[in-house]
Amino acid sequence: MNDILQHLRADHLAGRRGGLYAVCSAHREVLEAAIALARDHGEPLLVEATANQVNQFGGYTGMTPQAFASRLGAMAAALGFPRENLLLGADHLGPYAWRKEPAAAAMAKASELARRCVEAGFHKLHLDAAFECSDDPPQGLPLEIAAERTAALCQAAETAAERLPGRRQRPYYVIGAEVPIPGGTLENPEEIQVTRPEDLAEFIALAELRFQKTGLSAAWERLLAVIVQPGVEFGNSSVARYVPAKARALSAFHRNLPGSMTYEIHSTDYQTPASLARMVADHFTLLKTGPCLTNAFREAVFALEEAETESLKFRRGVVRSDIRMVLERVMTATPEHWRSHYHGTADELRHMRCASMLDRIRYYWGHPDVESALARLHANLSRGVPASRMTRFGVNADPPVADGTSSVSPGAFIRRWIQEALQPYVDACR
């Protein structure tokens, strides 16, 4: 299945394939929903983990690259998805996770993570050297330094690949200086600027020169994509929609990209299905999504809590899950994952904690108290959830009730809700 990466640009230009989407998440329900959807469509699936989520120290998920790869492989096997159709990627692989440290220390850790990802069998590495470290110039990282660090990360990955037994395929790489903050911008998304082709050309030239000087000519041939900003982003409550006219020059520059390189876009969450399809048609071929999928999980859970409230009206002695209340308590007690992203009055903060499109709530689903409340919610609804509740919220209920039943399990309810958010990506990339 690495062939899909190798030939992505050629297949796109020839009309054989629109593009490829990447599910950037380590959330179990999101991954299972994505695997099942790809299986049902007979399509490959690219799953990526950020350096914050998964790294040699465990990240906030507690998983190393090898553990993440093993977990995904087990999910694929359990769901009957061919393992060869599952592609793994590392997102924001660079100093971002350690940006508060000096550059030398941060890059050493990033290089070690690159090696670990290669050893774990990752197919695609996003070499993200665009973020400043603690001892970098405060006015911004020069493109020359970003290119130099990009090559250093690639060198670490290639060295690890040389030590692999057998003839395993070496990884494909993504580079780029137009890298949004992982998980969405903190600024007004309407102010996002489209990448200028001349800036992009300068960075590519600098990166190629650095790769050649470092002896990475073969790796340069495996440059899969460069990250650009076509004007899409999202914040707490607003979305910068794709406007083709604003990205026309950048789209046209695609023909000038070297080799098999194409465009990769981050923060495509919450775009309309028509916008996603148009982006792919305009050569923005690799679409990354994540927060809108965990947000769909959150919406489904909250809808289930409403169903739980109705279901337990006339049932005595049953303890409610109080999932929202538990989440609010846990998030206010441990605010480190949201306090730098959410600002406002007490009421505004309360609303953002449970409903922001940045979806910082996703960091808390693994908390023991939240897991316990979620398990109780599933148990309280073990008799099933009316399928009409899905359609009431605009979610297609047909797949889960194909056997003619009038209710679905809580797990099927959640999976279908997530798949509804992911389906536009499947359609856009065909």
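For the structure, see preceding data.
In what follows, the accompanying structure is described. Nothing here was measured: the structure is a model prediction, and the numbers come from that model.

Focus: the sheet that holds strand β10 (residues 286–289)
If you walk around this closed barrel you meet the eight strands as β1-β2-β3-β4-β5-β6-β9-β10, and the pairing is parallel. Geometrically, the sheet is characterised by an average inter-axis angle of 25 degrees between neighbouring strands, direction not taken into account. In this structure, strand β3 (residues 86–93) lies alongside strand β4 (residues 124–127), joined through three bridges in parallel fashion. Bridging across to β4, Ala-90 finds its partner in Leu-125.

Things to note about the environment of His-126
Looking at where His-126 falls in the secondary structure, it is placed in strand β4. In this structure the C-alpha to C-alpha distance between His-126 and Leu-86, which are 40 residues apart in sequence, comes to 17 Å.

So, the packing of helix α11 (residues 291–311) against helix α12 (residues 323–333)
Between two packed helices, both the angle of their axes relative to each other and the distance between the axes serve to describe the pair. For the pair α11 and α12, interaxial distance at closest approach is 9 Å and the crossing angle is 130 degrees. As the angle between them shows, α11 and α12 are arranged oblique. Contact with α11, carried on its side by Val-301, Phe-302, Glu-305 and Glu-306, involves Ile-323, Arg-324 and Leu-327 of α12 and no other residues of that element. Looking at side-chain class alone, the contact of α11 with α12 contains four nonpolar, no polar and three charged residues.

Things to note about the packing of aromatic side chains
Enumeration according to the criterion identifies eleven aromatic pairs in this entry. Ring centres of Trp-338 and Tyr-342 lie 6.2 Å apart, and the angle between their planes is 25 degrees; this geometry places the pair in the stacked category. Trp-338 gets classed as buried once you look at its relative accessible area, which sits at 8%. Stacked on the ring of Tyr-96, the Lys or Arg Arg-99 has its end atom at 3.9 Å from the ring centre. Cation over ring: Arg-353 sits above Trp-338, and NZ or CZ is 4.9 Å from the ring centre.

Calculation notes
- Residues numbered from 1 in each chain as written.
- Predicted model: local features only at pLDDT ≥ 70, side-chain atom pairs only at ≥ 80, totals over all residues.
- Heavy atoms only, no water.
- Pairing = 2+ DSSP bridges.
- Helix = DSSP H or I, 4+ residues; strand = E, 2+ residues; numbered from the N terminus.
- Axes fitted to C-alpha atoms, helices over the stretch in contact; angles between N-to-C directions.
- Parallel < 35°, antiparallel > 145°, perpendicular 65-115°, else oblique.
- Contact = heavy atoms within 4.5 Å.
- Nonpolar A, V, L, I, M, F, W, Y, C, P; charged D, E, K, R; others polar.
- Phe/Tyr/Trp six-rings, centres within 6.5 Å; stacked < 30°, edge-to-face > 60°.
- Buried < 20%, exposed > 50% of the residue type's maximum accessible area, 1.4 Å probe, protein only.
- Lys NZ or Arg CZ within 6 Å of the ring centre and 35° of its normal.

Function cannot be read off these values alone, since they describe shape.
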